[in-house]
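# Overview (structure and organization)
In case you want the letters, here they are:
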Amino acid sequence: MIQIENLSKRYGELEVLNTMSLHIQKGSIFGIIGQSGAGKSTLLRCINGLETFDSGRILVDGIQISTGNDRQAREARREIGMVFQNFSLLDRLNVYDNVAFPMKSWGYKKKEIDERVRELIGLVDLNDKISAFPPYLSGGQKQRVAIARALTMQPKVLLCDEATSALDPRTAESILNLLKEINEKTGITIIVVAHQLSVIRNICTHMAILEDGHLACHGATTEIFMQAPAALRRLQGNRENHANLSVSVCEQDLFVFSRMARALETDFDIMDIQHLGMGKEAQIHYSIRVPEEKLDTCLSWLRKKGIYCQTVEKEGADSV
Ligand SMILES: Nc1ncnc2c1ncn2[C@@H]1O[C@H](COP(=O)(O)OP(=O)(O)OP(=O)(O)O)[C@@H](O)[C@H]1O
């Protein structure tokens, strides 16, 4: 479906993608994960023709992708929908008109637009918000509009760049479930770029780990998690001078980490999130990574707040 062959891309001296080759099967949900700056977004932008590259080629359903403005290039890009972290909606247009926007731009007939837009708004479960304007929508609802809009031209591929990063864990989960449902209903190929392994593990059939513009490993998600290659272990937290913590919080404690970061003037990475239990018993289990010198202060700060936490051994004690 998507064939990436020897793709290389530089920004000046910086080699962002280095002779990368990858085959993404039709109908799969393919996850791309890697540390910040590994080249994930650049790869997505190359796939949808937003970015030029220095060498190699990308074929989507046999059609070569380019940034050109000729008919073939534009038709090829039409096969690809994209969803961003910041939703990228037009605030002056309501939900209906945001979703209708791509079809209007391509000059479709009003009746055709109306049928498709209503169908998609139903698919993303926003019938009751059809006339609402983006500033009055929640983050999850905005992302649903963005997904519907990305699907209007019936693309063969949907690219999601950190589509759930700006959302709270529950909303993120509902968006991931929606993507899964769309994949099952329509057979569309979905590529998901994410920072959290939980996102990849929950919905992706296949995955790749990028490290400094190289493909460190790729394959079926279940196999990669079973074999736990070095690249996966590195992502799971074997970072020097950092300690891994396992923390369980109640739903009402969702802002605990931002308060901790402010109180202790420290930075941390959330590596995984899991929901445990239901209703009043519901807990959210986080795997976080903190600088080693801040470990003791983080542990005592969390324990003073009555929050269950413990350190996790780095090697072999993967919390994901
Ligand atoms: N337009 C640009 N000009 C120069 N350098 C860029 C440009 N865009 C990205 N880069 C650099 O290319 C590298 C890869 O960036 P990219 O955004 O693809 O990484 P990423 O893996 O998506 O990172 P993140 O997870 O932080 O979003 C980074 O070092 C970044 O600073």
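Residues numbered from 1 in each chain as written. Predicted model: local features only at pLDDT ≥ 70, side-chain atom pairs only at ≥ 80, totals over all residues.

By the naming in an unreviewed UniProt entry, the protein goes by ATP-binding cassette domain-containing protein and is assigned to Alitiscatomonas aceti.

The subject of this paragraph is the domain arrangement of the protein. Considered domain by domain, the protein is made up of domain 1 (2-234) and domain 2 (239-312). Computed over C-alpha atoms only, the centres of domain 1 and domain 2 are separated by 30 Å. Across the contact, five residues belong to domain 1 and eight residues belong to domain 2. Class assignment of the residues belonging to the side of domain 1 that touches domain 2 gives a composition of two nonpolar, two polar and one charged. (Domains from an automatic or database assignment. Contact = placed C-beta atoms within 7 Å. Nonpolar A, V, L, I, M, F, W, Y, C, P; charged D, E, K, R; others polar.)

Another aspect to go through is helix α4 (residues 110-123). Its 14 residues give α4 an end-to-end C-alpha distance of 20 Å, which sits within 8% of 20 Å, the value for a rise of 1.5 Å per residue. Among the residues of α4, Ile113, Arg116, Val117, Leu120 and Ile121 are the ones counted as buried. The buried residues of α4 occupy one face: seen down the axis, they fall within an arc of 130 degrees. Within α4, the exposed residues directed more than 90 degrees away from the buried face are Lys111, Glu115 and Gly122. Tucked inside the fold, the buried residues of α4 contact α3 (95-105) and α5 (139-151). A positive backbone phi angle near 65 degrees is found at Asp125, which sits one or two residues after α4. (Helix = DSSP H or I, 4+ residues; strand = E, 2+ residues; numbered from the N terminus. Expected span 1.5 Å × (residues − 1). Buried ≥ 20, exposed ≤ 12 C-beta atoms within 10 Å, placed from the backbone. Arc of directions from axis to C-beta.)

Another aspect to go through is the pairing of strand β3 (residues 29-34). Burial runs high along β3: six of the six residues are buried. Burial of β3 is two-sided: the residues Ile29, Gly31 and Ile33 facing one way and the residues Phe30, Ile32 and Gly34 facing the other way are all buried. As judged from the five bridges shared by β3 and strand β8 (residues 189-194), these two strands associate in the parallel manner. Note on β8: the bridge partner recorded for Gly31 is Val192. Pairing of β3 with strand β9 (residues 206-211) involves five bridges; the strand directions are parallel. Pairing of Gly31 across the sheet is with Met207, part of β9. (Pairing = 2+ DSSP bridges.)

Now for the site of the ligand. Around the ligand sit Tyr11, Leu14, Val16, Gly34, Ser36, Gly37, Ala38, Gly39, Lys40, Ser41 and Thr42, and that is every residue in its neighbourhood. Put simply, the parts of the chain that give the shell around the ligand at least two residues each are β2 (14-24) and α1 (40-47). With three residues, the top contributor of residues to the shell around the ligand is α1. Classifying every residue of the shell around the ligand by side-chain character gives four nonpolar, six polar and one charged. (Near = placed C-beta within 6 Å.)

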